[in-house]
Amino acid sequence: EVTRDYARGGMTGFVRWAPRLGQVRDALGSLISAEPGEIAFVANTTQGVIDVAFGLPWQKGDRVLLFEGEFPANVTPWQQAAVEFQLELGWLSLDAFHRSVDEGLAELEGALERGVRIVAVSAVQYKTGLRMPLAEMAALCHEYDAEIFVDAIQALGATPVDVSCGIDYLS
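These remarks concern the structure in this document. The structure presented is a predicted model; accordingly, all values stated were derived computationally and were not measured. (Residues numbered from 1 in each chain as written. Predicted model: local features only at pLDDT ≥ 70, side-chain atom pairs only at ≥ 80, totals over all residues. Heavy atoms only, no water.)

**Comments concerning the packing of aromatic side chains**
Okay, step 1: Following the criterion strictly, the structure yields five aromatic pairs and no others.
Okay, step 2: Taking the centre distance of 6.5 Å and the plane angle of 90° together, the rings of Trp58 and Trp78 count as edge-to-face. Within this pair, whereas Trp58 is found in the loop between helix 3 (45–55) and strand 1 (63–67), its partner Trp78 is found in helix 4 (residues 76–85), the two being separated by 20 residues in sequence.
Okay, step 3: By relative accessible area, which is 10% here, Trp58 ends up buried.
Okay, step 4: Trp78 sits in the buried class, given a relative accessible area of 0%. (Phe/Tyr/Trp six-rings, centres within 6.5 Å; stacked < 30°, edge-to-face > 60°. Helix = DSSP H or I, 4+ residues; strand = E, 2+ residues; numbered from the N terminus. Buried < 20%, exposed > 50% of the residue type's maximum accessible area, 1.4 Å probe, protein only.)

What follows is the structure, encoded as structure tokens:
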């Protein structure tokens, strides 16, 4: 219906559907513990990754930390941004997180100590189903003045996702 209204009436379609967008923002905000004004609509998860990867005010040499084995949609945009903005990519293995949360967080902290602008991680790893300790990761990132981006496509609706724990960006 939305598409049909836009096709027929252009902006009049927007006027008709704008109140519904507010209701959807409210519902999504409740789902992830976000304020409705913090929610933006994008075509899909990958577009959200691209928007953040290419929308941040980068400085040459900023470091992006990724995890080996991440879903390609949460890797390729960061790799392209690294080329475009002359960023450094760092990689961490997920093996330590598979052994224990504490061991994984210790490895993350070691990487953060070397300087990181943003950590990009999937809430749930698509290959193994490993659920990442997002609250603890966000706290560590902020302790070292880094931000955290979360790809939530494998988790949202299946497991609790709460951005109020310090998640800076979620798609």
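**A look at the sheet that holds strand 2 (residues 88–92)**
The strands making up a sheet are joined through hydrogen bonds of the backbone, oriented either antiparallel or parallel.
Okay, step 1: Here five strands make up an open sheet; going across it, the order is 2-1-3-4-5 and the pairing parallel. Edge positions in the sheet fall to strand 2 and strand 5 (169–170), since each has one partner strand and no second.
Okay, step 2: With five bridges connecting them, strand 3 (residues 118–122) and strand 4 (residues 147–151) associate as parallel partners. When the bridges of strand 4 are listed, Ile118 appears paired with Glu147. (Pairing = 2+ DSSP bridges.)

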